[in-house]
Amino acid sequence: MKIATITKDAWPNAMEKLSKACRLYGPVKKEQFHSFEVLDNGQIPDFNFQNTRISPKFLVQPQSEIMFQCTFDQNREDHHILKEIPKSDSPRTVIGIRPCDADAFLLVKRNFNSQKYKDPFWMGAYESLTLVGLACHQPCTTCFCTSAGSGPFSETGLDILMVDDGDRYLAKIITSKGEDIAAAAGWTEAPEERGLLEKIGEMKEASEKKITTSVATEHLKNKSTIPLYEAAFWEDVSFSCINCGTCTYVCPTCWCFDIQDECFGLTGIRMRNWDSCMYPLFTLHGSGHNPRGTKLHRVRQRFMHKLKYYVDKYNNGIQCVGCGRCISQCPVNIDIRRVCELMNASETP
Amino acid sequence: MTEYTEKIREISKKLLIDKSVDLIIGFRKGTVPMMNEPCFIKHPDEVGRLVWDSHCGINLANYLPNRKERIGILAKGCDSRNIAIHIVENKIKRNQIKIIGIPCRGMLDKRKIASSVSGEIVEAVEDKATVKVSGNGFSTSFDKQEMLQENCKVCKHRNPVIYDELVAEPVPEQQDVDPYEDVRRIEGLSDSEKRKFFEDLISECIRCYACRNACPLCYCPTCFVDESRPQWVGKSIEPTDTLTFHFLRAYHCAGRCTDCGACERACPVGIRVRQFTKKLNKDCFDLYGWEAGLTIDERPPLDTYRPQDPNDFIK
Amino acid sequence: MEQIGIEPGRLQFSWISSAEATKFVDVVKTITEVIRGLGPNQHFVKRLPKVA
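Description of the structure in this document. Bear in mind the structure is a predicted one, so any value in this text is a computation, not a measurement. (Residues numbered from 1 in each chain as written. Chains lettered and ligands numbered in written order. Predicted model: local features only at pLDDT ≥ 70, side-chain atom pairs only at ≥ 80, totals over all residues.)

## Brief notes about the overall build of chain C
Next, step 1: Looking only at helices and strands, chain C features 1 helix and 0 strands.
Next, step 2: A compact globule built from 52 residues would reach a C-alpha radius of gyration of about 10 Å, whereas chain C, at 15 Å, exceeds it by more than 25%.
Next, step 3: When the backbone C-alpha atoms are referred to their principal axes, chain C occupies close to 50 × 20 × 20 Å.
Next, step 4: Scored against the burial criterion, the 52 residues of chain C give a buried share of 8%. (Helix = DSSP H or I, 4+ residues; strand = E, 2+ residues; numbered from the N terminus. Rg over C-alpha atoms; globule rule 2.2 N^0.38 Å. Buried ≥ 20, exposed ≤ 12 C-beta atoms within 10 Å, placed from the backbone.)

Written out as structure tokens, the structure is:
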């Protein structure tokens, strides 16, 4: 466990070196919010943010991603044969990702890298990433990461954890990928490691204390599914929902996608786009029947998936890292904390 | 406008006790600052849940189409116009609803307030003229008039046009506002500048359809973007498809849009989607003298034929 | 459509009854010339999606 220190004066130089070594992504300020963008030529990421509006999941699962291509030109031997599009999985470094978002990748990985199925697109993109996290000193009022299996200084899923220490950054190098990036950026080890580790520990505690909301999840695993499904509170919870899909799109742990074919002239492509369980088309059968035809069905499904089905299937906590984006972005203020409480406390066996 | 809360509760209680309605649709206090959540109540003792303040910008008429119960609904000026449109379009019957009309002084734009301070807002308190927001290490007051939603700034129909009860005396309508000033500015640009303007406008669009879902007018059982046989619009974030979605949706709202701002409010990436619908609203006004939803006794111009309808664009 | 930047003249409307063959021919010829003058449409054209 090595710790490097980088003074803020030396920071621009480090960014320039890194952007030459690999494709570099970091938070950049747009008009009213931050988002992860490519940093060109020593562009400095803007760390003056709590979190980005949309999660960085698009770095691994782009919103629209072409997977296969085929030609309809009968003169070619390979006509009508779908071929994989070569992907550039050259190394990328994401700098300034929050620990909750890094934890989210691990959560989603369970789905895309299971015993039976491995998604080559997702895994290829994920493995090309080195994640340099930025610890949170000032969590949002909507953050509840500590009760959702993550934390403002959480290290799981990160290759380096950076901590802002006034006039310098402390960088805790966690994995060998992290070591490579630290070397490329010219970050040198600090001599007084023990003291720094303690300092990080203190800052971690101070940050965790600032988190004022939490979710209670201890009973979710033991609840019977059907009574929870049929509980009376779903009508009240789902009333205001407008099925807009914002929650699923900003969420770092939502992974559903839809596959579309498009063609132009003699070329066809097969791509996948983000999809949302909030949309009526999501479960529309070819026969015309829709098992989740009403808003209540769909809202219930989302929360049951996140807070019950995932818990049962993977036995590793809820499918949520507490980043709070859905709470602050929902146009009608549906709050997953409230729903989790209703589910956890519901009087079902 | 927090002073309306008591009157709203009083009227709602009366309606529920009388059993004139089966449920009341209103707002309850949100779990984050500057937000309220639409909710319904069915019992008179639940009226304490209802609140009203300057963060009730969501258009409650969105929850009306196809409901079968008798409903009491809170409605500001723009909401009441949308309710009138729903009645004209047969999505709800007039005798099915009791409209609790709310003369509105404008709703606050929470994103504008948030970007005017540095740091997360933890609490927002309003009084008649100002809103005071505070967070970690800061506390600032803003004049409410400076922080109104874009559509509220140019609103000319703040009082409900149709109602069964009013919670307060009507407020004076704004006289000297030009709702189409920005549309005119764009009309004056060259073709390539116009293209650039709209390309930039929707460059952040993530095709989440929050704008469509928040809009009370968008109630089609299957939206054109969800059609697959034939597929009119692609589903990816390809710029041409995205632009098509936006302008085609605007066309479907032509002559019906009341500029309630629900679309802009719902957009997670802050796109000013009203630029599409406002142009069509202006055209409807210029060509037919029509503003949507002001009465339930007339059908909209795109629905009816009058001999004097302008047709100089048809050769 | 002009508001979003389609060149004036590219989109035109005309009422022509099936009995007005001459008018049909005239309108088609005129509009064809106008469009030729504007050139091929470069904007709002969907080809293959330019995505990841």
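What follows continues from the structure just given.
## Observations concerning the overall build of chain B
Next, step 1: Helix and strand content of chain B: 10 helices and 8 strands.
Next, step 2: At 20 Å, chain B has a C-alpha radius of gyration in line with the 20 Å of a compact globule built from 315 residues.
Next, step 3: Along the first, second and third principal axes, the C-alpha set of chain B runs to 60 × 50 × 45 Å.
Next, step 4: At a minimum sequence separation of 6, the contacts of chain B that also span at least 24 residues come to 67%. (Contact = placed C-beta atoms within 7 Å.)

## A word on the pairing of strand 5 (residues 121-126) of chain B
Residues and elements named next belong to chain B.
Next, step 1: Across 5 bridges, strand 5 lies against strand 6 (residues 130-135) in antiparallel orientation. The residue bridging Val125 from the neighbouring strand is Lys132, located in strand 6.
Next, step 2: The antiparallel pairing of strand 5 with strand 6 creates a hairpin that spans 3 residues between the two strands. (Pairing = 2+ DSSP bridges.)

## Points about helix 1 (residues 21-38) of chain C
All names here are of chain C.
Next, step 1: Relative to the 26 Å expected for 18 residues at 1.5 Å per residue, helix 1 spans 26 Å between its end C-alpha atoms, a close match to the ideal helical length.
Next, step 2: Of all 18 residues in helix 1, 0 are buried; the element is thus mostly exposed.
Next, step 3: Gly39 lies just past helix 1 and shows a positive phi near 90°. (Expected span 1.5 Å × (residues − 1).)

## Considerations on the environment of A:Trp122
Next, step 1: For A:Trp122, the position within the fold is in helix 3 (residues 120-127).
Next, step 2: With 21 C-beta atoms counted inside 10 Å, the residue A:Trp122 sits in the buried group.

## A closer look at the nonpolar core
Next, step 1: Counting 164 residues, the largest nonpolar core has A:Met162, A:Ala171 and B:Ile73 as its most contacted members.
Next, step 2: It is helix 2 (residues 99-112) of chain A that contributes the most residues to this core, 6 residues altogether. (Core = buried A, V, L, I, M, F, W, Y, C linked by C-beta atoms within 7 Å.)

## Overview of the sheet that holds strand 4 (residues 64-71) of chain A
Residue and element names in this part refer to chain A.
Next, step 1: What the 4 strands build is an open sheet, ordered 5-4-11-10; its pairing is antiparallel. Of all the strands in the sheet, the pair left with one neighbour each is strand 5 (83-84) and strand 10 (257-264).
Next, step 2: With 8 bridges joining them, strand 10 and strand 11 (residues 267-274) adopt antiparallel strand pairing. Bridge assignment links Glu262 to a residue of strand 11, and that residue is Ile269.

## Looking at the interface of chain A and chain B
Accessible area lost upon the coming together of the parts serves often as the stated size of an interface.
Next, step 1: Counting residues at the interface gives 34 residues for chain A and 32 residues for chain B.
Next, step 2: Elements supplying a minimum of two residues to the side of chain A that touches chain B: helix 8 (246-250), strand 10, strand 11 and helix 10 (325-329) of chain A.
Next, step 3: Among the residues making up the side of chain A that touches chain B, the classes are represented as 12 nonpolar, 16 polar and 6 charged. (Nonpolar A, V, L, I, M, F, W, Y, C, P; charged D, E, K, R; others polar.)

## Section: the interface of chain A and chain C
Next, step 1: Counting from both sides, the interface comprises 9 residues of chain A and, opposite them, 5 residues of chain C.
Next, step 2: Of all elements in the fold, only strand 4, strand 10 and strand 11 of chain A reach the threshold of two or more residues within the side of chain A that touches chain C.
Next, step 3: When its residues are assigned to classes, the side of chain A that touches chain C shows 5 nonpolar, 2 polar and 2 charged.

## Section: the sheet that holds strand 2 (residues 23-29) of chain A
Residue and element names in this part refer to chain A.
Next, step 1: Spatially, the 7 strands line up as an open sheet ordered 1-9-8-7-6-2-3, and their pairing is mixed. Both edges of this open sheet fall to strand 1 (2-7) and strand 3 (34-38), since each of them pairs with a single strand only. If you compare each strand with its neighbour and ignore which way they point, the axes differ by 25° on average.
Next, step 2: Pairing between strand 8 (residues 160-164) and strand 9 (residues 168-173): 5 bridges, direction antiparallel. Following the sheet pairing, Val163 is matched in strand 9 by Leu170. (Axes fitted to C-alpha atoms, helices over the stretch in contact; angles between N-to-C directions.)

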